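If you want the building blocks of each chain, they are given just below.
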Amino acid sequence: MPYTIAHLSDVHIPPLPALSPGDWFSKRVLGLFSWHRKWKAEHRPHILDALQRSLDELAPDHICITGDLTFTTHPGEVAQARRWLQSLGSAESISLVPGNHDAYVPGALEQACEAWAPWMTDDSSSAQQFPYLHRRGGVDIIGLSSGIPLRLPRTVGRIGSAQLGALHALLASIAGDDRPCVVLIHHPLQEGAARRGKELLDREALREVLGQYAVDIVLHGHLHRPVRATLPGRRGRIEVLGVSSASAFGDRYAPAHYHLLEFDRDVGQTTIALRHVCYDRGSDTFVPGERELLTRVPEPT
Ligand SMILES: [Fe+2]
Ligand SMILES: [Fe+2]
């Protein structure tokens, strides 16, 4: 049986709570206005229900979530997201990274990281930190944090030199193990994927670090549409997969979808296959697509 990982993103879990008087003069007011004007009709609770039914049916061994659980990182949204994460399965079966909407105002990311620590704490440490390493089912999963508080309308991200240095050290420490390696990040790191104002600022530095090591797959969100790219890597190429929002009706961007990755150990190698699981409006269900070979990872000799 292959080891399976579902990758989903940008759920922007509805509904948004009412703002408290302390928020009236913060960026959250603009976020709430934007939510009711543009996004409330897009991110629908019944699609999250359909997502849950699909995950129950396909029963992935692990779930990777690449950020934007909230819209304004309001404490009520953070608590709601925590309950949603708990409903998905055990903490060990989920790896989470935050997005720009989870760092909406100064100080919010720290509060979200504290509330969501069970899903983004390094295996070897009780302290929440980025990058973290989760070793699950023969696969190394590395989580990065790229969300930073910003003035609207910018939604850029940044890894930062401290996290890049720690990533370098982490990848070097596991380089000899040669297991399939998946990196999670909210913002896309490939050139040209995000328009100016939405991009990862230090993407070139991140690509340079990842390219030196045996990284196989980068999973990201942020764009609310499926995108695919390859980058040069130590094993030849790194597959980059961007996913739609997992709660989107599809009127503004792409309809909801998520990735299902299948890691199958064979003689001398692990094959990694990909299936797109796409939301169908007519049936209100997620429908798995055809399985395609994504890449092969040779086992160390
Ligand atoms: Fe998003
Ligand atoms: Fe985002």
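Details of the structure are given in the entry above.
Residues numbered from 1 in each chain as written. Chains lettered and ligands numbered in written order. Predicted model: local features only at pLDDT ≥ 70, side-chain atom pairs only at ≥ 80, totals over all residues.

(A) Structural detail: the overall build of the protein. The secondary structure content of the protein amounts to six helices and 13 strands. In terms of C-alpha radius of gyration, the protein reaches 18 Å, essentially the compact-globule figure of 19 Å for 301 residues. Oriented by its inertia axes, the alpha-carbon framework of the protein measures out at about 60 × 45 × 35 Å. Counting every position in the protein, which comprises 301 residues, the buried fraction comes to 44%. (Helix = DSSP H or I, 4+ residues; strand = E, 2+ residues; numbered from the N terminus. Rg over C-alpha atoms; globule rule 2.2 N^0.38 Å. Buried ≥ 20, exposed ≤ 12 C-beta atoms within 10 Å, placed from the backbone.)

(B) View of the pairing of strand 6 (residues 181-184). With burial as the criterion, each face of strand 6 is covered, one bearing C181 and V183 and the other bearing V182 and L184. Where strand 5 (residues 139-143) lies against strand 6, four bridges are found, and the strand directions are parallel. Directly across from I142, in strand 6, lies its bridge partner V183. Note on the crossover from strand 5 through helix 5 (residues 161-174) to strand 6: the handedness is right-handed. Bridge count for strand 6 against strand 7 (residues 217-220) is three bridges, and the pairing is parallel. Considered in strand 7, the bridge of V182 is made with I217. Remark: the strand 6/helix 6 (residues 203-211)/strand 7 crossover connection has right-handed handedness. (Pairing = 2+ DSSP bridges. Right-handed = clockwise from strand over helix to strand, strands pointing away.)

(C) Quick look at helix 4 (residues 108-115). Buried within helix 4 we find A108, L109, A112 and C113. End-on view of helix 4: buried residues confined to an arc of 130 degrees, all on one side of the axis. With respect to the buried face of helix 4, the exposed residues turned more than 90 degrees away are E110 and E114. As for helix 4, its buried residues are in contact with helix 3 (75-88). (Arc of directions from axis to C-beta. Contact = placed C-beta atoms within 7 Å.)

(D) Quick peek at the environment of L48. Relative to the elements of secondary structure, L48 occurs in helix 2 (residues 45-58). In sequence terms L48 and I13 are 35 residues apart; their C-alpha atoms lie 8.1 Å from each other. Beyond its immediate chain neighbours, meaning those up to four positions away, L48 contacts V11, I13 and S247.

(E) Structural context of the sheet that holds strand 4 (residues 132-136). Ordered in space as 4-5-6-7-9-8, the six strands form an open sheet in which the pairing is mixed. The two strands at the open ends of the sheet, each matched to only one other strand, are strand 4 and strand 8 (227-233). Taken over all neighbouring pairs, the strand axes of this sheet differ in orientation by 20 degrees on average, direction set aside. Judged from the seven bridges that link them, strand 8 and strand 9 (residues 236-242) form a sheet pairing that is antiparallel. Directly across from T230, in strand 9, lies its bridge partner E239. Across the face of the sheet, helix 6 comes into contact with strand 6, strand 8 and strand 9 while running at roughly 60 degrees to strand 8. (Axes fitted to C-alpha atoms, helices over the stretch in contact; angles between N-to-C directions.)

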